[in-house]
Every structure is written in structure tokens, then in C-alpha cells.
Amino acid sequence: MEDLHISLFYLTLRNDQLKKKSVLSKATKYATKSKLNYPESIPEGFKEIVKKILSELSCDLWWEDLKQLATFNRWSFSPDLINAERFIVSRLESFGLKPETMPVEVPAKRTLNTTRSNNIITILEGSNSTRKNDHYIVSAHYDSISQNPEKKAPGAVDNASGAAAVIEMARLMAINRPQSTVVFIFYTGEEQGYHGSKRYVNEALANETSEAIRLAIILDMIGYM
């Protein structure tokens, strides 16, 4: 199977609101500016692979995951956030993936004490012995906020829509294993100051795994119209 990591761009453009040449052009220009090692010409059979993956993409599954995530109060200080975490972990495990958690502290705010929740990370190792050392991140934050978060913070658009999309992309990549490694990350504490993503970046810099990262795609509020 030809390398699939370019197809991640196409998957993010599947939403009907984004089916515009201008968006695809911007994605292509971004890839060029990022000096990614993409081939000068499209490899033979690549279009067919992309079409196959897109044909397997399920908007129904995305919608069901989005609705389920929106049933939880995903405010960083809510005890219900752990249930959202458990749901995401169970979905990833159902694809045969092995998610791990990364503790993240969200600092105290006014009358609230410092709380701790988790980033969720699962790594799909590439099938090619050489290319698997190239890591491509697909991520979204799964926490939420509202005007009255003590009572509810469903965050259907911000950002159950993005988190559900990462779940669906993980499902697709698990059955269409790419040559390079894909790292799926669900960040916590984003609404309080990007605490989850900062924690991951600091960790990557500390253990030098950042050197393997070739591209990061962040899905945020993709259901916004």
C-alpha cells in the first residue's frame, strides 16, 4: 500500500462546508511551505487509496460520537469529564488501539481548586520500517466551557465535533494502516489556557520525540457553520 499520510489532509476536507478548491489549495500550499517530503508527483494508485478511505468514512459514526460527547459536562473542573475520557478510551480500544493517558494539572481559578485530568494519546505505528520514524499528529481538545459550566458544558461544536472527528480518523487509519506513524491526541484543559497541549509539547521537547514530528493537524470546531 502506498504511503497514506497525505490523505489526512483530504479527510479533514470531507465536511460539505469545506468542499472548496480554495481550501484544498491552501492545504497544498501549507504542505509545500512546511517542506514536507512529499513526492513531486502523485504515486501510482494513491488516488484510489484516498477514494477508498473516503468511501469508508462514516458521517453517521462521527455524528453519534459527537452526540455522546455532548451528553457529558466536559468543563475541566467537572467530575463528569472523566466519563468523557472513558468514552473516548473505549472507542479507541474498540478499534484495536491502545490509548494511554497523560496527567495534566489545570490551575486553580477563583474559588476553584487545582484539578487534574488527562490527555488521551494513542499511537498507530507505521507499517514501513523506515517511514514509521516519521510521526504525524492528529488532535483535538475534548474539554469544553459554557456560560454556566457548573451546571452544563456540552460543547457540541467546541469541541465535540473535533474530538469525534479524531475518533473517526483513528478508526479509518486503524483499518488502513499508513507507512508512517500517526499519533492521535485528545487534549484536556484547552479552555483554561491550552494546558493539555502545552503539557504534551513540553514532554515531547524534553524526551526529544519532537524531532520525529513532521506535521500536526488540529481539528477545532469543525461543525461550525
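Here's a quick rundown of the structure.

So, how was this worked out
- Residues numbered from 1 in each chain as written.
- Predicted model: local features only at pLDDT ≥ 70, side-chain atom pairs only at ≥ 80, totals over all residues.
- Heavy atoms only, no water.
- Helix = DSSP H or I, 4+ residues; strand = E, 2+ residues; numbered from the N terminus.
- Buried < 20%, exposed > 50% of the residue type's maximum accessible area, 1.4 Å probe, protein only.
- Contact = heavy atoms within 4.5 Å.
- Areas by Shrake-Rupley, 256 points an atom, 1.4 Å probe, with all protein chains shown as cover.
- Patch = residues over 30% accessible without salt bridge, like charges linked within 9 Å, V, L, I, M, F, W, Y side chains within 5 Å.
- Salt bridge = Lys/Arg side-chain N within 4 Å of Asp/Glu carboxyl O.

### Topic: the overall build of the chain
Next, step 1: Within the chain, the regular secondary structure consists of 7 helices and 5 strands.
Next, step 2: Beginning at the N terminus, the succession of helices and strands in the chain can be written as α-α-α-α-α-β-β-β-α-β-α-β.
Next, step 3: When the 225 residues of the chain are sorted by exposure, 47% land in the buried category.
Next, step 4: Put simply, 76% of the contacts in the chain that link residues at least 6 apart link residues at least 24 apart.
Next, step 5: Summing over all exposed atoms, the chain offers an accessible surface of approximately 12,400 Å²; the carbon and sulfur share of this is 51%.

### Describing a nonpolar patch on the surface
Next, step 1: On the surface, Val157, Met221 and Tyr224 cluster together into a nonpolar patch covering about 280 Å² of accessible area.
Next, step 2: With respect to the helices, strands and loops of the structure, Met221 is situated in the segment after strand E5 (213-218).
Next, step 3: Accessibility expressed as a relative area gives 32% for Met221, which makes it partly exposed.

### What about unusual backbone geometry?
Next, step 1: Residue Asn159 is bonded to the preceding Asp158 through a cis peptide linkage, with omega at 10°.
Next, step 2: Positionally, Asn159 belongs in helix H6 (residues 156-175).
Next, step 3: Not every positive phi belongs to a glycine, and Tyr194 is a case in point at roughly 55°.
Next, step 4: You can see Tyr194 is positioned in the loop between strand E4 (181-187) and helix H7 (195-206).
Next, step 5: Residue class for Tyr194 comes out partly exposed when judged on its relative accessible area of 49%.

Honestly, it's all geometry; don't read function into it.
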